[in-house]
Each structure stands twice: as C-alpha cells, then as structure tokens.
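Fold and contact review
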Amino acid sequence: MTTATAAPRQAVPDPDLGRDWRAARLPTGVVHLDSAAAGRSSRATLDAVATHLRREAETGAYVAAAEAARAVDRGREDLAGLLGRGPGDIAFVESASAAFAALLAAWPLAAGDRVVVSPGEYGPNLARFAERGLVVRDAPVTDELGHVDVDALVRLLATDPPALVHLCAIASHRGVVQPVGEVVAACRVAGVPVVVDAAQALGPVDCRLDADAVYGTSRKWLTGPRGVGFLAVAPRLVDVLRPVQPWGEAGVPALESHESFVAGRVGLAVAVAELLDAGPERVRAGLAAVGARTRAVLDGVGGWVVVEPADEPSPTTTLRPPAGWDDGRVLAATTRLLQNHGIVVTFAGPARAPREARAATLRVSPHLDVTLDELDALADALPQV
Ligand SMILES: *Cc1c(COP(=O)(O)O)cnc(C)c1O
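Everything numeric here is computed off the predicted structure, so don't read it as measured data.

Within the protein, the regular secondary structure consists of 12 helices and 13 strands. Relative to a compact globule of 385 residues, whose C-alpha radius of gyration would be 21 Å, the protein shows 21 Å and is just as compact. Principal-axis analysis of the C-alpha atoms places the extent of the protein at approximately 60 × 55 × 35 Å. The buried share of the protein, reckoned over its 385 residues, is 55%. A sequence separation of at least 24 residues applies to 66% of the contacts in the protein between residues at least 6 apart. Accessible surface for the protein amounts to roughly 15,700 Å². Of this, 54% is attributable to carbon and sulfur atoms. The average position of the 37 basic charges and that of the 46 acidic charges among the side chains of the protein differ by 2 Å.

Below, the structure is given as structure tokens:
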C-alpha cells in the first residue's frame, strides 16, 4: 500500500517521464488502462479546447478559426514531422475512419483490384474494401500472431503485385507491432502503393515513413481530443487521387473536411507539441517498457494468458480468458472490472479483426503515467471477475 504522501511507483523505468505525464493530467478516479481506445488528455490540451470554444462564442466561430489558424498550422507542421512528411501533405479530418474513407473515395481503384493486408486487418477497413469491390488477400506471416513475413512479401510483390498494400502498423485487437518500415520499403522497391493505418501506432512506433499515405487519430496514444483525425499523403499519390472538390480546392486541401471541430484541431496541436517536448523517441521507449511491465505483471493471473511476446515493443497487452470462457463472459468481466474495481480496459471482440481473431480478449493499454499499483490492482481483480 502507498500512503497519501508516498510518490506513486511508476511502471516506466524512466520515472520522470511517467511522473511528468501524470502531473500534466487531471487526477483520475479510475484505473485507466484504455489508451488504445482513448488516451487521457493533458490539462493544457483541455484548456486549449475550452479556450477556443469560448472564443467562438465571444467573437464568432469563423473569426475564432482565423485567430487559431497559426496554432493549427503549428500542429500541422509538428504532426507532419512525426509522419516524415511536409505540412502541405496533411489533411485534418474527424477520425482515422474518416481519413481512410476520404482516401479510398478519391483513389481511382477498380472493382476487382487486389489489396494485400495483414491478417489482423481492422474489421471496419475490410468493410470499406468490400464496399469498393476490392479483393482482399492476406500477406504472408512468420507466426500465429500475424507478424508480416517481409521476405515472403517481397516475393509476392515481385510475382503477383496487388494494386495496393494496406497495413495496420499495430492492429486494434492485438498489441503486435508490424515491421512497417520494412514493408513500406519493400512496396517502394516493387512500385506498389502502400497505405499505413497508424491509428494505434503513432506514439508507440516511429511513423516517419515514405508510405503513399498514412492516417490516424488524435484521441488514442497522442491523447488529443476526440473527433479529430489526420491523413498524410505523399505528393506522388496526390497526382493520382481524384478528391471531390466541393469548394474548388485541389490536392490535399480537397481531402480535408470542410466543416470541422476547430477546437479539437487546436487541442491536438497542443497534445502533439507536448509529445515533441517529452521526446518522441523517449516516449516510444517508455511505451514499450509499459507494455513489457504490463505483460510481466498480468501473464497467467487467474488463468488469463498474455497473447503478445513479453518484449513486443508495444504498450498494448491482450489477455486470453481462462479455458472455457466464451465472448459473453469476457464482456461481463470487462463490465465487472469497471463496476466493482474501477478499472477501465477494453473488450476486444473478434469483429475488430475478423480474418484473424477467433475469440474475444481483454485489451489493456496503459499510457506512460501508469503506476505499478494500478497494474497490481488489475492483477488482483482478474481472479475475481
Ligand atoms: C481505432 C482504430 C481505427 C479507427 O479510428 P477512429 O478514429 O475510431 O476512426 C482504425 N484502425 C485501427 C487499427 C484502430 O485501432
């Protein structure tokens, strides 16, 4: 037990990082282990959102948007830096799903064109491909966890190139990190367009990639506001895209949503600036350490088994339930963790990755501020649910 005055024992080996991350945020009344769903925003991010909303009421939303243009442009530059692109390559939208929809809608792919994905491809993305009549094929993998086999992929790209490779750098249902840099490089050599879903990866993974497009969301590991997403498009792909141009804009600006949550974009700019201040590499190392610590604490507790390798460089851990449990029981356990123990985790049902997932897991996704006491609280609660 810690006393009220004892400093919390940070789970990250870089304790200043965890402590600073925690100090920058409101205290939480729960054990929040759910950043893969939505991270907790900092006070500065919340203040920026609230200040902008007030300003909209005081001076008119369009005047406020003009005043905020520099802040949003700073956010665009910072985000572009994290994605290895220029600020002119970034379109802001409402979510990762909206980014992917805007990209596919503008891309002149034909029905019957083939898309290679990892077996853990996100369910809603598969629905989009199906809607367009695209034929999905699994990339070769090295193991039952679905890590893409880059050498075999290189051979596939050379002998039978698809119209597109689409890769979730980290999937939704499992904290497995794909060799995204190598996949992008292989696609570039083969001349096959490659798109990266970085919704779970920006934060934990280096996403400075020369992919044709990379997209993601504000609210997860960046801990920005909900309702904001982004799409980064390489200049070489912009020439191929045919975006709908409601106001006559062309290129990347035509992909950006017109009506928007400006306060959210302002908040995201603050969240990204904070991540840059903390140091993206330091944050990546810290998040990997959080994942390793989480797996060490939880594996085997109450019959729950960690799916990921212990040292997978990802902050997300999924737990397979004890033998004989069905998905309904996992869902009930998730509810009980919240109601009886104040612990927030995700029920990760198989619909998140229908080509790979066979049964539900518990997804545990702490951020840098997690303490050992919080991980222990989950370990203590799991045998009781
Ligand atoms: C969350 C998630 C998405 C969708 O993001 P939204 O912002 O909710 O649209 C897409 N892909 C993966 C891998 C995700 O985890």
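Picking up after the structure, the text goes on.
All right, on to unusual backbone geometry then. Of note, Thr223 is a non-glycine position whose phi angle comes to about 55°, a positive value. Tracing the backbone shows Thr223 in the loop between strand E7 (213-217) and strand E8 (229-233). For Thr223, a relative accessible area of 2% corresponds to the buried category.

What follows concerns the site of the ligand. Around the ligand sit Ser95, Ala96, Ser97, Tyr122, Ile170, Ser172, Asp197, Ala199, Gln200, Thr217, Arg219 and Lys220, and those are all the residues in its vicinity. Arg219 is positioned such that a nitrogen or oxygen atom in its side chain is 2.9 Å from an oxygen atom of the ligand. Considering the ligand on its own, with 380 Å² of exposed area, one finds that the protein chains cover 92% of that surface. A breakdown of the residues in the shell around the ligand according to their chemical character gives 4 nonpolar, 5 polar and 3 charged.

Once that is clear, we can look at the sheet that holds strand E12 (residues 346-348). What the 4 strands build is an open sheet, ordered E9-E10-E13-E12; its pairing is antiparallel. Every other strand in the sheet has two partners, leaving strand E9 (305-306) and E12 as the edge strands with one partner each. As defined by bridge partners, E12 adjoins strand E13 (residues 361-364) across 3 bridges and the pair is classed as antiparallel. The partner of Ala348 across the bridge, within E13, is Thr361. Across the face of the sheet, helix H10 (residues 280-298) comes into contact with E9, strand E10 (317-320) and E13 while running at roughly 20° to E10. In this fold helix H11 (residues 327-341) packs onto E12 and E13, with an angle of close to 170° to the strand it touches most, E12.

Where strand E3 (residues 114-117) and strand E4 (residues 135-138) come together, 4 bridges link them in parallel fashion. The residue bridging Val117 from the neighbouring strand is Asp138, located in E4. As a crossover connection, the stretch from E3 through helix H5 (residues 123-131) into E4 is right-handed.

Across soluble globular proteins, nonpolar side chains have a tendency to be buried as a group. In terms of nonpolar packing, the biggest core is built from 54 residues, with Leu79 and Leu83 touching the most fellow members. If we ignore the near neighbours within four places in the chain, the residues touching Leu83 are Ile90, Leu202, Cys207, Arg208, Leu209, Val214, Phe230 and Ala232.

With mixed pairing, the 7 strands of this open sheet are ordered in space as E2-E8-E7-E6-E5-E3-E4. Edge positions in the sheet fall to strand E2 (90-93) and E4, since each of these pairs with one other strand and no more. Averaged over all neighbouring strand pairs, the angle between strand axes comes to 20°, with direction disregarded. Across 4 bridges, the pairing between E2 and E8 is antiparallel.

Definitions and cut-offs
- Residues numbered from 1 in each chain as written.
- Predicted model: local features only at pLDDT ≥ 70, side-chain atom pairs only at ≥ 80, totals over all residues.
- Heavy atoms only, no water.
- Helix = DSSP H or I, 4+ residues; strand = E, 2+ residues; numbered from the N terminus.
- Rg over C-alpha atoms; globule rule 2.2 N^0.38 Å.
- Buried < 20%, exposed > 50% of the residue type's maximum accessible area, 1.4 Å probe, protein only.
- Contact = heavy atoms within 4.5 Å.
- Areas by Shrake-Rupley, 256 points an atom, 1.4 Å probe, with all protein chains shown as cover.
- Lys, Arg positive; Asp, Glu negative; His and termini not counted.
- Charge placed at Lys NZ, Arg CZ, Asp CG, Glu CD.
- Near = heavy atom within 4 Å.
- Polar contact = N/O pair within 3.5 Å; in protein donor to acceptor, adjacent residues only side chain to side chain.
- Nonpolar A, V, L, I, M, F, W, Y, C, P; charged D, E, K, R; others polar.
- Pairing = 2+ DSSP bridges.
- Axes fitted to C-alpha atoms, helices over the stretch in contact; angles between N-to-C directions.
- Right-handed = clockwise from strand over helix to strand, strands pointing away.
- Core = buried A, V, L, I, M, F, W, Y, C linked by side-chain atoms within 4.5 Å.

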